[in-house]
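# Geometric and topological summary
As a plain string of letters, each chain reads:
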Amino acid sequence: MKRNLLIIFGVLLAIANPIEVMANTSIDYLNTTEKFKGCLVGESVERIAWDAEMPQVYNFKTKSVTKPADQKGVSLSVQTKMEGELATVIGDKLLAIESLTVTGPINDVDFSTMWRATFEGNLQYIDLKDAVLSSGQVPNNAFFHKEEQIDTDGSLNVIMLKKIILPDNVKTIGDYAFYYSIFLESINIPSSLMKIGKDGFYNCWVLNFDELTLPEGFETLENGVFAFCRSLTAKVNLPATIKDIKSIAFYESSVSTVNLPSNLQTLGGGAFFHTNLKEIFIPDGCVFEGTQHFAYCSELERVHLPEGITNLPLGIFFYCSNLTDVNIPESVTEVNFQALGCCYSLSNLRLPNSFKKCLEGSLCWMTSLEEIYFPASTETIGEESCIYWQNIKKIYSAATTPPVCEGDTDSSKTPFGDIGSFSEYDTPRDTPVYVPVGTAEAYRNAWGWNYFTNFIETDEFPASAVDEIMSDEDWENMPMFDLYGRKVENPQRGQIYVKGGKKFIQN
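Residues numbered from 1 in each chain as written. Predicted model: local features only at pLDDT ≥ 70, side-chain atom pairs only at ≥ 80, totals over all residues. Heavy atoms only, no water.

## Here we look at the sheet that holds strand β23 (residues 325–326)
Taken together, the three strands give an open sheet; going across it, the order is β19-β21-β23, and neighbouring strands pair in parallel fashion. Every other strand in the sheet has two partners, leaving β19 (279–281) and β23 as the edge strands with one partner each. (Pairing = 2+ DSSP bridges. Helix = DSSP H or I, 4+ residues; strand = E, 2+ residues; numbered from the N terminus.)

Structure (C-alpha cells):
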C-alpha cells in the first residue's frame, strides 16, 4: 500500500457536558484535541470534515459583558408592531437581558439584534412562540456572523444562547443558522418545518432532544446539519418523505437509532461517520455518494445494504470494530479501499457471484475472519487487501484462472501478506485454500497466491441457495422476521419483513 496515500487528519472531539465560560476568557480544553487515522486517499477523494475556509482548531472565547456577581439576569417581554424594530423596542437593555420573549412580526434585522444580545451580552433564553417570522424563516447565519465571531488569530468568539422556542409557522431554518452555538441545549422542531439548511446545527455540542422527529414533507437533510452534535443521543425519526441525506449530516454526533425511509434515494459521504449506531437498514434503491459513510462506528453490529449497488465505497465501514453481520448484495462487483478494513468482528465473508475486484487495503485487518469465498468471477486481488487475517481457517477461490494479485511482483509483499514476515498478526501461510480441480499448480505458481502453501482441489464451493418452489400453505406457515433477523409475532401493516429469505411488505 502506498503509505503516502493514507492521510492522518485531526478531528476536534468536544466534550458532551455544558461548559462554564467566563466572559472574555479562553476555553482551555481545546488543547485536548485528539487525532486518529482516517481513510482518505488520493486527490480525487473529497475532504469531508469541514469548510476549508474555516480554521480547523479554535481557541474559544466569549465577548459577553461581565455581569456583577450580585446582579440577577434581566427578563424582558416585548411586542413588535412591525418587522425590524426589535432593537428600538429593547433599547438600552440589549446587553443586560438574559431572557427574552418576543411577540409580533420579526425579520432578519431582528434576528441580528438577538444575535448581538447573545454575542456581546448575556442573552441565553429566547421565546418566539408568539412571534411571526418573515416568510416563515429563521434566516441564514441567524446566530453566526463569521466576520465578527472569528478573530484574526483564528479564535472563535461564541454566543451564549442556551434555549430558543420557535413559532409554529417556521418553514425553514437557514444555512449556518446555529453554527457553533456550543451552549445551545434546546430547540423545538415545529410541525411546519420543511428544511434545515447546510450546517444548520453544526458543532452544537450540547444540543439534544427527547426524540428528534422531522415532520412529514421534509425531503432533504443538508450537508453537516447535525455534524459534531456530540450530545445528540436522541432517537432520530425520519419521515417517509426523506429522499436525500447529504454529506456529514450526522458526522461525529452520538445518534444510536435512526430509521432510513424506503424512499431514500441518496446517502452522502460521512453521513454517519463515528456515530453510535448499532444497526442500520439501508433500503433498496438508495445510492451511496462520497466515502466513509459509517466509518469509525465502533458500536455498529448489523447492516443491511441495498440491492443494486455495484461497489462498496471507500472506507464505508472502516474501523467498525463490532460489525458482525453485513450482506454483500449480488450486484456488487468491487470492494473499495478500506471498505471493510479493521472490521475486527466479522467472521465470515461471502463475495457475490458478480464480484470482480477488491481494491487496495479493502479487507485488511479482519482479525476474526475465519472463512471467505472468492467467486469464479473474481479478477483482481488488490495490494495489501487481504493482510492480517490471523484467524482465517478456510479460503475459497472458485476462479479457474488465479485472480491477478496486485503489488510489486519483485518483492515478497503479496496482497495476503509478506512471505518473509513472522508476525503473530499475519495471515497463516498454511491456511487451506480451496481451488477448482486441476488448478492447484496454477495457483501455487501465481505470484501473490504463492504466499500460501496448502492448496486443496475441490468441486464444492459455497454458492447462493436456489429458491425452492413452495405452496401458499408453506408460505403462510413459515416464520416471519424483521430486517435484523428478529422473529415477529405481530406484524404491522405497511412494514417490511422477511419470510423464506424474501423481503415483502405486510398487507
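From this point, the discussion proceeds with the structure in view.
## Concerning the packing of aromatic side chains
Applying the stated rule across the entire model yields 35 aromatic pairs. For the pair F294 and F317, a centre-to-centre distance of 5.7 Å together with 20° between the ring planes defines the contact as stacked. Note that F294 is positioned in the loop between β20 (287–288) and β21 (302–304) and F317 in the loop between β22 (311–312) and β23, a separation of 23 residues in sequence. Ring plane angle 15° and centroid distance 5.4 Å describe the contact between Y296 and Y319, whose orientation is recorded as stacked. With Y296 in the loop between β20 and β21 and Y319 in the loop between β22 and β23, this residue pair connects regions lying 23 residues apart in the sequence. On the basis of relative accessible area, Y296 is assigned to the buried category, the value being 9%. (Phe/Tyr/Trp six-rings, centres within 6.5 Å; stacked < 30°, edge-to-face > 60°. Buried < 20%, exposed > 50% of the residue type's maximum accessible area, 1.4 Å probe, protein only.)

## Some words on the nonpolar core
Core analysis: the largest hydrophobic core is formed by 112 residues, its most contacted members being F178 and F317. Contributing elements (two or more residues each) for this core: β4 (74–79), α1 (86–90), β5 (97–106), α2 (108–119), β7 (131–133), β27 (371–374), β33 (433–436) and α4 (440–445). When residues of this core are assigned to their parent elements, the largest contribution, five residues, is made by α2. The residues touching F317, leaving out its near neighbours within four places in the chain, are F294, A295, L300, V303, L305, L323, V326, A339, L340, G341 and C343. Formed by 23 residues, the second largest nonpolar core is a distinct cluster that contains F60, I150, Y202 and F318. (Core = buried A, V, L, I, M, F, W, Y, C linked by side-chain atoms within 4.5 Å. Contact = heavy atoms within 4.5 Å.)

## Notes on the sheet that holds strand β25 (residues 348–350)
Pairing in this open sheet of five strands is parallel, and the strands run β25-β27-β29-β33-β34 from one edge to the other. Since the sheet does not close on itself, it has two edges, and those belong to β25 and β34 (455–458), each with one partner. Between one strand and the next, the sheet's axes are offset by a mean angle of 20°, whatever the strand orientation. Pairing geometry for β25 and β27, over three bridges, is parallel. When the bridges of β27 are listed, R350 appears paired with Y373. (Axes fitted to C-alpha atoms, helices over the stretch in contact; angles between N-to-C directions.)

## Description of α2
Within an α-helix, residues lying three or four positions from one another point in the same direction, as the helix has 3.6 residues per turn. With twelve residues, α2 extends 16 Å between its outermost C-alpha atoms, agreeing within 8% with the 16 Å of an ideal straight helix rising 1.5 Å per residue. Three or more residues of α2 are buried, namely D110, F111, T113, M114, W115, A117, T118 and F119. Between the side-chain oxygen of the N-cap and the backbone nitrogen of V109 there are 3.1 Å, and the N-cap of α2 in question is N107. (Expected span 1.5 Å × (residues − 1). Polar contact = N/O pair within 3.5 Å; in protein donor to acceptor, adjacent residues only side chain to side chain.)

## Examining unusual backbone geometry
One non-glycine residue, W365, lies in the positive phi region at around 60°. Assignment of secondary structure puts W365 in the loop between β26 (357–358) and β27. Of note, Y388 is a non-glycine position whose phi angle comes to about 65°, a positive value. Here Y388 shows up in the loop between β28 (380–381) and β29 (394–397).

## Describing the pairing of β34
As defined by bridge partners, β33 adjoins β34 across four bridges and the pair is classed as parallel. Within the sheet, the bridge partner assigned to V433 lies in β34 and is F455. On the question of chirality, the crossover connecting β33 to the parallel β34 by way of α4 is right-handed. (Right-handed = clockwise from strand over helix to strand, strands pointing away.)

## What to know about the environment of V132
Residue placement: V132 occurs in strand β7. Along the primary structure V132 and D168 are separated by 36 residues, whereas in three dimensions their C-alpha atoms are 8.9 Å apart. The contacts of V132, once residues within four sequence positions are left out, are G104, P105, I106 and N169.

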